[in-house]
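Survey of secondary and tertiary structure
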Amino acid sequence: MAVCSTCPHGCSLAAGKRGVCRSRRAGDTHVEPEGYGRITSLALDPIEKKPIARWRPGTTVLSLGGYGCNMNCPFCQNASIAQAGPDDAPWRAVAPEWLVQQALDLAEHDCIGIAYTYNEPLVNWEFLRDTGTLAHEAGLVNVLVSNGMANSAVIAQVAPLIDAANIDLKCFTEEGYRALGGHLPTVMHTIETLAALPTCHLEVTTLVVPGLSDDDAQVETMARWLAGIDPAIPYHLSRFFPQHRMADARPTPLRTMHRLHDVAARYLPTVLLGNM
């Protein structure tokens, strides 16, 4: 058996078996990033779409996604790749050097670097590390969009390479995170680590899901905690629309979004509403 040390799941796997994320696979002695360099999505996006609202506005980033995620959110907006393995979504293998060159070639479109996004990029953190290193050497930036569910040793490896990040803070109870297949203390540590880096611009997003993250007390607690780290952190409250296993649910009411904005704004000066 081989044990994966990427995230709190600590999957113990027989040779040939994949972990919870569907992207890491056990070899004879250790767990390998099977999804390394396998991309399912590649697009040139405005930086604001990540969403990164208060850093390098008006620029673009070459955004890439692979497959797999180490959480299992019933409201996943990219379930076709995030809740997929190598046999479930079409992919192609690319090298870090190729991606960096693609980003450089897009300079005339105001491309400033590469965004690791769409699925969960930290399940193949080695690819982020290798691509991010080459991107910095070429004068490009690295943008991380993540659930933050990676162990501290992984975050320590990639954090110095991240110039801007948006981390999902899905709710603020351990019970809620367990229901999603996640671990709240790990996500909190990731946010704290990135916020402490002078070289990383950090923003945080909460998808306001009815019954999970739409009550005043919880949003107040999240906003107060973020303000205690750095009140300058931009905080996104994003409106839920029916997706994945919650396709029959109702969208978050607009009045709820505006109410929660006012709650968070008691502690944070920059609270932004998304998907409105």
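Thresholds, definitions, all that
- Residues numbered from 1 in each chain as written.
- Predicted model: local features only at pLDDT ≥ 70, side-chain atom pairs only at ≥ 80, totals over all residues.
- Heavy atoms only, no water.
- Helix = DSSP H or I, 4+ residues; strand = E, 2+ residues; numbered from the N terminus.
- Rg over C-alpha atoms; globule rule 2.2 N^0.38 Å.
- Buried < 20%, exposed > 50% of the residue type's maximum accessible area, 1.4 Å probe, protein only.
- Contact = heavy atoms within 4.5 Å.
- Phe/Tyr/Trp six-rings, centres within 6.5 Å; stacked < 30°, edge-to-face > 60°.
- Pairing = 2+ DSSP bridges.
- Axes fitted to C-alpha atoms, helices over the stretch in contact; angles between N-to-C directions.
- Right-handed = clockwise from strand over helix to strand, strands pointing away.
- Expected span 1.5 Å × (residues − 1).

**Overview of the overall build of the protein chain**
- For the protein chain, the helix and strand inventory stands at eight helices and 14 strands.
- Relative to the 2.2 N^0.38 estimate, which gives 19 Å for 276 residues, the radius of gyration of the protein chain is 18 Å and therefore close to what a compact globule would have.
- Dimensions of the protein chain, computed from C-alpha atoms along their principal axes, come out at roughly 50 × 45 × 35 Å.
- Looking at the 276 residues of the protein chain, the share that counts as buried comes to 53%.
- For the protein chain, the proportion of contacts with a sequence separation of at least 24, taken over those separated by at least 6, is 69%.

**Overview of the packing of aromatic side chains**
- Within this structure, the stated rule accounts for two aromatic pairs.
- With centroids separated by 5.0 Å and ring planes inclined at 80°, the aromatic side chains of Y36 and F127 adopt a geometry described as edge-to-face. With a gap of 91 residues between them, Y36 in the loop between β4 (31-32) and β5 (38-39) and F127 in helix α3 (residues 125-137) connect regions that are remote in the sequence.
- Accessibility expressed as a relative area gives 6% for F127, which makes it buried.

**Remarks on the sheet that holds strand β13 (residues 235-239)**
- Within the open sheet, the eight strands sit side by side as β6-β7-β9-β10-β11-β12-β13-β14. Their pairing is mixed. Two strands bound the open sheet, and with one partner strand each, they are β6 (41-46) and β14 (271-274). Within this sheet the neighbouring strands show an average axis-to-axis angle of 25°, counted without direction.
- Sheet topology note: the β6/strand β7 (residues 60-65) ladder contains six bridges and is antiparallel. Note on β7: the bridge partner recorded for L44 is L62.
- Helix-sheet contacts for helix α2 (residues 96-105) involve β6, β7 and β9 (111-116), and the interaxial angle to β9 is about 140°.

**Concerning the pairing of strand β10 (residues 141-146)**
- Of all six residues in β10, six are buried, a share of seventy percent or more.
- Sheet analysis places β9 next to β10, joined by four bridges and oriented parallel. Paired with G113 across the two strands is V141, which belongs to β10.
- Chirality of the crossover, the property in question, places the unit of β9, α3 and β10 among those that are right-handed.

**With respect to the side chain of T117**
- Topologically, T117 is positioned in the loop between β9 and α3.
- Excluding its chain neighbours within four sequence positions, the residues that come into contact with T117 are K50, S63, L64, G65 and V145.

**Things to note about helix α6 (residues 184-195)**
- Over its twelve residues, α6 extends 17 Å from the first C-alpha to the last, a length consistent with the 16 Å expected when each residue adds 1.5 Å.
- What α6 keeps buried is the set L184, T186, V187, M188, T190, I191 and L194.
- At its buried positions, α6 is contacted by α4 (152-158), β11 (164-168), α5 (174-179), β12 (201-208) and α7 (216-229).

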